[in-house]
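Remarks on the overall topology
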Amino acid sequence: MKRNSALEKDIQKRDGLLSSLERLFNLSPDMIGQGDLHGYFRMTNPAFTEILGYSAREVTSCPFLSFVHQEDYEKTHNALKAAAEGKREIFIQNRYKCKDGSYKWIEWKVRAWREENRFIAFGRDITESRKAEKELQDLQKAMDLAQKMAGIGYWSYDRDTGNRVWSSQMFINFGLSPELGSPRMEDIKNAFHPDEWDIFEKKFQDALDGAPYDLVLQIRHSDGTPHFIHTQGYPIIGDSGKITGLFGTSRDVTRRILAETALSQSEEKYRLLYQNAGFGIGYWTPDGKVISFNKVALDSIGAPAEDLQNKSAIEIFGEEMGSYIIRRIARSVETNRQQSYEDTVSLPVGEKVFLSTYNAVRNPTGEVLGVQIISVDITEKKNLEKSLQEHKDLLEKKVVERTNELADKSKKLEDLNIALKVMIEKKEEDQTDFENRISSNINNLINPYLDKLKRCNMDDKSKTLVNILESNLKEIISPFSYEYSTIYNRLSPREIRIANLVKQGKTTKEIARILHLSSRTVGSYRANIRKKLGINHSSINLHSYLLSL
């Protein structure tokens, strides 16, 4: 009886436990599913439907991998494989597809039993937390990017623990590696210029006592390059009203400091240039009063700067010239264009000539600050131009006189040329008449007798001599005789005789017989003739060449 009573109590206890587990299973806000290691859920709680939108039948009828996002498929498949190989506990996050087509991030805690081919999985919807986490990460990235763009790093210091926290930009500004995590005091101290560290350390301690600091200090990066940082520190007040630490920022202002230094040096160079320029420079107010003059301008005017300050142009240069200057200043302001003028000015040091340019000086908004007048003393130049003009006038006068003289001579030369031309023409006529008379005399007085000789009974030698005489007479009256005689001037008398015989077609033997010479001597003369005529190294026939002359 007692045994039955105890058994009944155990059954009641088990039923109560099962009832509690069933309520937990059905009411849990997290998904609970039991499945096999083949990849199927066999039983799921109502949270699956509430979170994913599927019915229990839809979930259990398909492999759970079919619900997994493609990008998470591989790691989920590997987790299932690990469970099938005996891994007991598995933790994984993946995206599950909802019935409406959207995806939700689920964090799974899985307990597997390989020997029983089953597992139980608890899934929690972490979509919102993942979203918030991503938004926080995006915000952090944006903040880091903003720091990088602005070059501003931030830091904090906890007074109780001594911990320092630096942003990534802080490490960049100090030329340190972000891998340090939390910077050491030694690293920070080594980064500062020795003279600057004492200043920073004192200001840091003052800030812990409640006095904020704002400093520009010089540091040196690990590569040795000098930099300047603008650093600020502010006390952090705790709930108790006490200072619990410091918060601050730093920014690399090297470019700004170098630019300011360069600007300062540039301003100093401009000041020296302004004072020592080789021409006068004056600044005037838009209404024509002196702001400043450089040394050259003061020397030209012959008055100290204090006597000219705030004086009008009329007070300095008189009514006429001063009025001109004031009107020109006004015109420069109105037109915003450079104006140039040349003036002769009477000064205590004497009368001088100046070339002056007027330029309105404006600020970035276009407001007129004043007018700059640059005046170059061109007195010597004008005197030189005057002297040059006088010399030019004198030279032009002499040129005119010489031109007239040359014109007279040219007229005389022209008359002489006409007379000479008449004489040349007369000579040419006489030459032609002479040549005609010679030709006529030969034709009328000599040729008839040659014809009679040729008809007489003569031996061969006499006939040859008559032919040669007739040929030479023809050459004398030939229109080409001038060119021919010019060429023959290069030859000796005997070479001329032999050349004439060659031209008439006589052979070497014939020429030797006529001139009572040996054939070898005639051949030597022929070679000399070819050489003097410039055809000794060519294949030109001497007889043909002489005929072509």
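Everything in this summary refers to the structure shown in the same document. Predicted, not measured: the structure shown is a model, and the values here were computed from it.

1. Thoughts on the overall build of the protein
Within the protein, the secondary structure is distributed over 19 helices and 15 strands. Across the 549 residues of the protein, 30% fall into the buried class. Put simply, of all contacts in the protein between residues at least 6 apart along the chain, 40% involve residues at least 24 apart. If you sum the accessible surface of the protein, you get close to 36,300 Å²; carbon and sulfur atoms cover 54% of it.

2. Some details on the packing of helix α16 (residues 493–503) against helix α18 (residues 519–533)
For the pair α16 and α18, interaxial distance at closest approach is 10 Å and the crossing angle is 90°. Taken as axis vectors, α16 and α18 run roughly perpendicular relative to one another. Facing α16, whose interface residues are R494, E495, I498, A499 and V502, α18 presents Y525, R526, N528, I529 and K532. Looking at the contact of α16 with α18 residue by residue, the classes come out as five nonpolar, one polar and four charged.

3. Brief notes about the sheet that holds strand β4 (residues 103–113)
If you walk across this open sheet you meet the five strands as β2-β1-β5-β4-β3, and the pairing is antiparallel. The outermost strands of the open sheet, each flanked by one partner alone, are β2 (40–44) and β3 (89–97). Between one strand axis and the next, the sheet turns by 35° as a mean value, whatever way the strands run. Bridging between β4 and strand β5 (residues 118–125) involves eight bridges; their strand directions are antiparallel. Residue pairing for β5: W113 is matched across the bridge by R118. With respect to the sheet, helix α4 (residues 73–84) is in contact with β3 and β4, its orientation differing from that of β3 by roughly 145°.

4. Notes on the sheet that holds strand β13 (residues 339–347)
A sheet is described by the order of its strands in space; here five strands give the open sequence β12-β11-β15-β14-β13, paired in antiparallel fashion. Bordering the open sheet on either side are β12 (290–293) and β13, each of which pairs with just one other strand. Strand after strand, the sheet turns through a mean of 30° between neighbouring axes, direction not considered. Summarising the sheet, strand β14 (residues 350–362) and strand β15 (residues 368–377) pair through nine bridges and their orientation is antiparallel. Looking at β15, one finds that L355 is bridged to V376.

5. Comments concerning helix α12 (residues 313–335)
The terminal C-alpha atoms of α12, which comprises 23 residues, lie only 20 Å apart, well short of the 33 Å expected from a rise of 1.5 Å per residue. Where α12 bends most, the angle comes to about 125°, and this point is E319. Of all the residues in α12, the buried ones are A313, I316, M321, G322, S323, I325, R328, I329 and S332. Where α12 ends, the next residue or the one after it, N336, has phi of about 55°, a positive value.

6. So, the pattern of salt bridges
This model, assessed by the stated rule, comprises 20 salt bridges. The salt bridge involving E260 is made with R256; its shortest N-O contact spans 3.4 Å. Of this pair, E260 and R256 both sit in helix α9 (residues 254–276), four residues apart, which is roughly one turn of that helix. Taking relative accessible area as the criterion, R256 reaches 40% and is therefore assigned partly exposed. With its nearest N and O atoms 3.0 Å apart, the salt bridge here joins K382 to E342. Taken together, the residues K382 in helix α13 (residues 379–455) and E342 in strand β13 connect sequence positions 40 residues apart. Exposure remark for E342: the relative accessible area of 45% places this residue in the partly exposed category.

7. Quick notes on the pairing of β3
Pairing of β3 with β4, which is carried by nine bridges, proceeds in the antiparallel orientation. Directly across from R95, in β4, lies its bridge partner W105. Once β3 ends, the chain turns through five residues before running back antiparallel as β4, passing G101 with a positive phi of about 95°.

8. Some details on a nonpolar patch on the surface
On the surface, F279, L355 and V376 cluster together into a nonpolar patch covering about 210 Å² of accessible area. Along the chain, V376 turns up in strand β15.

Rules used throughout
Sequence order as written defines the numbering, with residues in each chain counted from 1. Confidence filtering applies because this is a predicted model: local features only for residues at pLDDT of at least 70, side-chain atom pairs given and counted only at 80 or more, and all residues used for totals across whole chains, interfaces and linings. The side-chain quantities take in all heavy atoms of the structure and omit both hydrogens and water. Starting at the N terminus, helices and strands are each numbered in turn, a helix being any DSSP run of H or I of at least four residues and a strand any DSSP run of E of at least two. For each residue, the accessible area found with a 1.4 Å probe, counting protein chains only, is set against the maximum for its type, and the residue is called buried under 20%, exposed over 50%, and partly exposed in between. The contact criterion used throughout is that any non-hydrogen atoms of two residues lie within 4.5 Å. Here the open area of atoms and residues is found with the Shrake-Rupley method and a 1.4 Å probe, where only the protein chains shown may cover a residue. Note on definitions: angles span 0 to 180 degrees between N-to-C directions of axes, and those axes are lines fitted to C-alpha atoms, for helices only across the stretch in contact. Small angles under 35 degrees read as roughly parallel and large ones over 145 as roughly antiparallel, with 65 to 115 read as roughly perpendicular and the rest as oblique. When residue character is reported, Ala, Val, Leu, Ile, Met, Phe, Trp, Tyr, Cys and Pro are called nonpolar, Asp, Glu, Lys and Arg charged, and the others, Gly included, polar. At least two bridges found by DSSP between two strands is the condition for calling them paired. The span you would expect from a helix comes to 1.5 Å times its residue count less one. The seven residues ending at a residue and the seven starting there each receive a fitted axis; the angle between those axes is the bend at that residue. Salt bridge, as used here: a side-chain nitrogen of Lys or Arg that lies within 4 Å of a carboxyl oxygen of Asp or Glu. Distance thresholds for patches are 9 Å for like charges and 5 Å for nonpolar side chains (Val, Leu, Ile, Met, Phe, Trp, Tyr), applied to residues having over 30% relative accessible area and no salt bridge.

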